Amino acid sequence: MADRGGWMSRRKLIAGNWKMNGLSGALGYFSELAPVAAGASADVLVCPPATLIHAAVQACAGTGIRVGGQDCHAQDHGAYTGDISAAMLRDCGATHVILGHSERRAAHGETDGDVRAKAVAALAAGLVPVICVGETLAEREAGRAVEVVARQLAGSLPENSAILDLVIAYEPVWAIGTGRTASAADVAAMHAAIRERLPDPLTTCILYGGSVKPGNARELLSLADVDGALVGGASLDAADFSAIIEAVSLENEPLR
Ligand SMILES: O=C[C@H](O)COP(=O)(O)O
């Protein structure tokens, strides 16, 4: 939080989610991103696949770019083949972890309760959870978008979240990877609805995700309750992701 002349404002966060993309040859990306992040008006986070987190942390040393995971287990350690704990992410230098992404809710059956347990584990390990919520197209068309997101929030946030450092990402499922972005009015309305349901509305950062591109970032990032973006496809290209980061500093300039 920054106090600008009596108005409290949240510093924006531009986060990239590489999903299941990226081999070791992709690490040159960070050399391209570093000068942009250094001059940015926003914090920059990149969440590569788990196999690249350690190398990405090393590549980002001294750049200010933060590196996060895309999921973690709720347990600290144990017989959970294929899983990764929050402590392991922290141990290799991650600062954040995305939790409850709709792709994990859909493909891995993650419930709000699972997401909450993972968020508790992440916080205990010293990670900032980026908790994803969002309605399906059918839910939106049925007029249930706010109800669905409110239920996800109520079930996914740790109970004492008023005093915790966490980030919310609103990602309408129908806008993810489709090229179809929610309208500015819909995003603004949902972010306001989310904010009024947060235990700590003043300090909690709410990101928008869903087909954020260089061409629409400026409009989305200028909305009052939008504190940044969670970017999927466009974060894979350093030039596109850089343009989205740079849109933050342009957000207050008049649209031409
Ligand atoms: O985590 C990122 C979101 O799923 C958005 O992905 P997208 O920008 O490819 O639509």
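None of the values given here were measured: they were computed from a predicted structure.

Reading the values: the criteria
Residues numbered from 1 in each chain as written. Predicted model: local features only at pLDDT ≥ 70, side-chain atom pairs only at ≥ 80, totals over all residues. Helix = DSSP H or I, 4+ residues; strand = E, 2+ residues; numbered from the N terminus. Rg over C-alpha atoms; globule rule 2.2 N^0.38 Å. Buried ≥ 20, exposed ≤ 12 C-beta atoms within 10 Å, placed from the backbone. Contact = placed C-beta atoms within 7 Å. Pairing = 2+ DSSP bridges. Axes fitted to C-alpha atoms, helices over the stretch in contact; angles between N-to-C directions. Parallel < 35°, antiparallel > 145°, perpendicular 65-115°, else oblique. Left-handed = near helix turned anticlockwise from the far one by under 90°. Nonpolar A, V, L, I, M, F, W, Y, C, P; charged D, E, K, R; others polar. Arc of directions from axis to C-beta. UniProt positions renumbered as here; feature names shortened; annotations may be inferred. Near = placed C-beta within 6 Å. Core = buried A, V, L, I, M, F, W, Y, C linked by C-beta atoms within 7 Å.

Below, the discussion takes up the overall build of the chain. A count of helical and extended segments in the chain gives ten helices and ten strands. Taken against the 2.2 N^0.38 rule, which gives 18 Å for 256 residues, the C-alpha radius of gyration of the chain at 17 Å falls within 12% of a compact globule. With the C-alpha coordinates of the chain rotated into their principal frame, the extents come out at 50 × 40 × 40 Å. With 256 residues in all, the chain has 44% of them scored as buried. The contacts of the chain with a sequence gap of at least 6 include a subset with a gap of at least 24, amounting to 72%.

As a further point, take the sheet that holds strand β3 (residues 12-17). Taken in spatial order, the eight strands line up as β3-β4-β5-β6-β7-β8-β9-β10 and close into a barrel, and their pairing is parallel. With strand direction ignored, the average angle separating the axes of adjacent strands in the sheet is 25°. Of the pairings in the sheet, the one linking strand β4 (residues 42-47) to strand β5 (residues 66-69) comprises two bridges and is parallel in character. Looking at β5, one finds that Val 46 is bridged to Val 67.

Our focus in this paragraph is the packing of helix α5 (residues 112-125) against helix α7 (residues 145-156). Running from N to C, α5 and α7 cross one another at 45°; their axes reach a closest spacing of 7 Å. With respect to α7, the axis of α5 lies oblique. The handedness of the crossing between α5 and α7 comes out as right-handed. Between α5, through Asp 112, Gly 113, Val 115, Arg 116 and Ala 119, and α7, the contact on the second element is made entirely by Gln 152, Gly 155 and Ser 156. In the contact of α5 with α7, the residues fall into two nonpolar, four polar and two charged.

On to the packing of α7 against helix α8 (residues 184-197). With their axes 10 Å apart at the nearest point, α7 and α8 run at an angle of 35° to one another. Note on packing geometry: the crossing formed by α7 with α8 is right-handed. On α8, the residues that touch Ala 145, Val 146, Val 149, Ala 150 and Leu 153 of α7 are Met 190, Ala 193, Ile 194 and Arg 197. Taken together, the residues of the contact of α7 with α8 sort by class into eight nonpolar, no polar and one charged.

Here we take up helix α2 (residues 50-59). Because an α-helix completes one turn every 3.6 residues, residues spaced three or four positions apart along the sequence face the same direction. Turning to α2, its buried residues number three or more, namely Leu 52, Ile 53, Ala 56 and Ala 59. One side of α2 carries all its buried residues, which in axial view fall inside an arc of 130°. Turning to α2, the residues buried within the fold contact α1 (29-38), β4, β5 and α3 (86-91).

Looking now at the UniProt feature "binding site: substrate" (unreviewed entry) in the chain. In the UniProt entry, the feature "binding site: substrate" (unreviewed entry) is given for Asn 17, Trp 18, Lys 19, Gly 177, Ser 211, Gly 232 and Gly 233. A maximum C-alpha distance of 13.9 Å places the annotated residues, which cover 217 residues in sequence, within one compact spot. Residues within four places of Gly 232 in sequence aside, it is in contact with Asn 17, Lys 19, Ile 176, Gly 177 and Gly 209. Tracing the chain through its elements places Gly 233 in the loop between β10 (228-231) and α10 (238-250). Classification of Gly 233 by C-beta neighbours within 10 Å gives partly exposed; the count is 19.

Before going further, it helps to examine the site of the ligand. Surveying the vicinity of the ligand reveals 14 residues, the closest of which are Asn 17, Ile 176, Gly 209, Gly 232 and Gly 233. Here the residues of the shell around the ligand sort into five nonpolar, eight polar and one charged.

For soluble globular proteins, the rule of thumb is that nonpolar side chains tend to be buried together. Counting 72 residues, the largest nonpolar core has Ile 14, Val 97, Val 130, Ile 131, Leu 207, Ala 229 and Ile 244 as the members making the most contacts within it. Those residues in contact with Leu 207, other than ones at most four positions away along the chain, are Leu 13, Ala 15, Val 167, Ala 169, Asp 227, Gly 228, Ala 229 and Leu 230.

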